[in-house]
Amino acid sequence: MFLFMYIIVILGIIFADDPLRPQYHLMPPQNWLNDPNGPVYYNGYFHMFYQYYPNTTPADQKQWGHCYSKDMVHWIHLPVALVPDQPYDINGVWTGSITLVNGIPIITYTGITNTNKQVQCQARPANLSDPTLTNWTKSLLNPVITNPDGRDPSTAFQDDQNNHYLIYGYGTADLGGQAVLFTSKDFLNWTYLHPIHSNHYDTFWECPDIFNVSQYVVLKASLSGHDFWTIGYVDPNKLIFTPLNHDLGEYIQLIDNGKFYASKTFYDSVNDQQIVVGWIAEDDNQGEQRGWQGLLTLPRTIFVSDDSLELRTRPIEALKSLRDPNSHQQYQDVRLGIETSFELIPNLNGSQIEVLINWQFPTKQNLDFGFTVLSTSDGTQRTSIGISTLTNTSLMLNWDLPGWDYFSVPHINFWLDCQTACNLDNRCQAWTYDASRKLNDNCFLKSGIPLKTGNWLCISGVKQQEKDQQPVWIYIDRVLSQRNPDAAHSPYHDVIWMESSAENTLSSLELDIFVDHSVIEIFEPRNGRVAITGRVYPEEETAKYLSVYARSIPTNNESIVIKTLDFWALDSIWK
């Protein structure tokens, strides 16, 4: 048994009418939500637009839903901002963005014409003195861009000569997925230039963004079912973006390692920060029956790592205002000294909560431990949020690293040759040699570090970084999250590098976990190296408890310790 010493034992639990409907994530009152569109701060308010289906199926034409907020946390629904009512957008008002042009917010969006062609259109506020920006007027010059046939225009940017530049997603057989670049002097008449960047990781890019963080240029795009970004620079003469290290489509460049797509970024001038918000799709087959589908992630601030090569995120500070102070509980110095699959944490339960947990553990051990949320009291239904380490990750005997392959190396007869091929390729982060497969199809190089899985026929390895560092897996295990066989049960994971702890010392990892009924978001609040968004759909009404587990513990006298665990019930975001 684990000894939990709690300090505050007052618990407030917030229940929703629909036990699976999120209460502090932005979503419409009913029906479908897709991509976030054109977030902007204007006249004292943050405005969030999103792809909205007014009826229950996505076959209906897309519209622009609209909310506004004083703090980017508490939101008020407004009437639909844009509807498909013109020949150039009659089949849907699709994704777009907002750019402040001489202080005026201008929407640029993709319209689907009466011939199903994708064109770019504009709209302006009907009344600039209205802080809610409720009504919009479409440009008489629409469509302002008709070729190439792409979509999802981003927020525009300017050079020092006051030229405007705009990108949107496109793809061709010769260049693959790309972001095409346009320029304009007046923001109405646009000239096509060329792709600002492209590669062959996918045939088409969606929802590209280009923006600055500190003194760095960031390019972001949605492809291969994920959102990627990379740091680089734009040649001022050629107007071509070049990544500094890894490229879009390489899994080391994921923005979020879970259910996260079609994200949008915008500049928060109030707090001087760049914000990213993503779309969380459903992960089961019951959305239409529930009457709602899709929502937006919590807003996250973007920053750059100390070596200027990695982009990182953490939840915005304003989200702390959701914490119910009367619900706060804290545990300290809880030791997990024995192996156990399930141990309830006393007096903690809820499905609309935040948990801030600081783990301490030795990194040079084979460990697997964590805690569960949305659990029944007997653990038959639960979602595990865990941490896993291995003593040696450069050579992992009997382990597979499935997925994220970018190349199958030919003429490999031995695992050592596969390891060597990875070490010689800058893109490669990990490798797997599968002895059960034939020559020329047995060595797989990976552009990220997948979640490890036991396999007697495989030998894998992770390319090592700095001395005395090793990878640590953080995962969401959904095997017992729901019984529905048509709901996804596969795990999510992220990997961070931590300094190897010396003997008799422990490394620390703090995780900030948000649970909102059917949504889980996990972050590393201090360093911003972890971002995992997941969907779960527990059927049991009593699946609201928290527990801990330790499947593999240290083999010496060291322990796994919960240094601190802070718990809050969270309020709704709706006013």
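Residues numbered from 1 in each chain as written. Predicted model: local features only at pLDDT ≥ 70, side-chain atom pairs only at ≥ 80, totals over all residues. Heavy atoms only, no water.

## What about the nonpolar core?
Then comes step 1: In this structure, Trp359, Phe361 and Phe371 are the most contacted members of the largest nonpolar core, which totals 40 residues.
Then comes step 2: Those residues in contact with phenylalanine 371 that sit more than four places away from it in its chain are Val355, Ile357, Trp359, Thr383, Ser384, Ile385, Ile513, Leu546, Ser547, Val548 and Tyr549.
Then comes step 3: Tyr24, Val277, Leu298 and Ala531 belong to the second-largest nonpolar core, a separate cluster that totals 31 residues. (Core = buried A, V, L, I, M, F, W, Y, C linked by side-chain atoms within 4.5 Å. Buried < 20%, exposed > 50% of the residue type's maximum accessible area, 1.4 Å probe, protein only. Contact = heavy atoms within 4.5 Å.)

## Quick look at the sheet that holds strand β38 (residues 545–552)
Then comes step 1: Pairing is antiparallel in the open sheet, where 6 strands are placed in the order β24-β38-β26-β27-β33-β34. Edge positions in the open sheet fall to β24 (340–349) and β34 (492–499), since each of these has one partner strand only. In this sheet, adjacent strand axes meet at a mean angle of 20° when their direction is disregarded.
Then comes step 2: With 8 bridges joining them, strand β33 (residues 469–477) and β34 adopt antiparallel strand pairing. (Pairing = 2+ DSSP bridges. Helix = DSSP H or I, 4+ residues; strand = E, 2+ residues; numbered from the N terminus. Axes fitted to C-alpha atoms, helices over the stretch in contact; angles between N-to-C directions.)

## Re the side chain of arginine 312
Then comes step 1: Structurally, arginine 312 is set in strand β22 (residues 311–315).
Then comes step 2: Engagement of the side chain of arginine 312 in a polar contact is seen with the side chain of glutamate 310, the distance being 3.2 Å.
Then comes step 3: Apart from the residues lying within four places of it in its own chain, the contact partners of arginine 312 are Thr301, Ile302, Phe303, Ser305, Asn527, Gly528 and Arg529. (Polar contact = N/O pair within 3.5 Å; in protein donor to acceptor, adjacent residues only side chain to side chain.)

## Describing the domain arrangement of the chain
Then comes step 1: Here the chain is described as being made up of domain 1 (33–141), domain 2 (322–389 + 469–569) and domain 3 (395–462).
Then comes step 2: The gap between the C-alpha centroids of domain 1 and domain 2 is 38 Å. (Domains from an automatic or database assignment.)

## Concerning the state of the cysteines
Then comes step 1: Under the definition given, this model contains 2 disulfides.
Then comes step 2: Between the sulfur of cysteine 422 and that of cysteine 428 lies a disulfide, 2.1 Å long from S to S. Looking down the S-S bond of the cysteine 422 and cysteine 428 bridge, the torsion is -100°, so its handedness is left-handed.
Then comes step 3: Overall, cysteine 422 belongs to the buried group, its relative accessible area being 0%.
Then comes step 4: If you count the bonded cysteines of the chain from the N-terminus, they pair up as 1-4, 2-3.
Then comes step 5: Among the cysteines around cysteine 121, which has no disulfide bond, cysteine 207 carries the closest sulfur, lying 16 Å off. (Disulfide = S-S within 2.5 Å.)

## Some words on the UniProt feature "domain: Apple" (unreviewed entry) in the chain
Then comes step 1: Those residues carrying the UniProt feature "domain: Apple" (unreviewed entry) are residues 395–465 in this numbering.
Then comes step 2: Annotated as 13% helix and 39% strand, the span residues 395–465 places its first and last C-alpha atoms 14 Å apart. (UniProt positions renumbered as here; feature names shortened; annotations may be inferred.)

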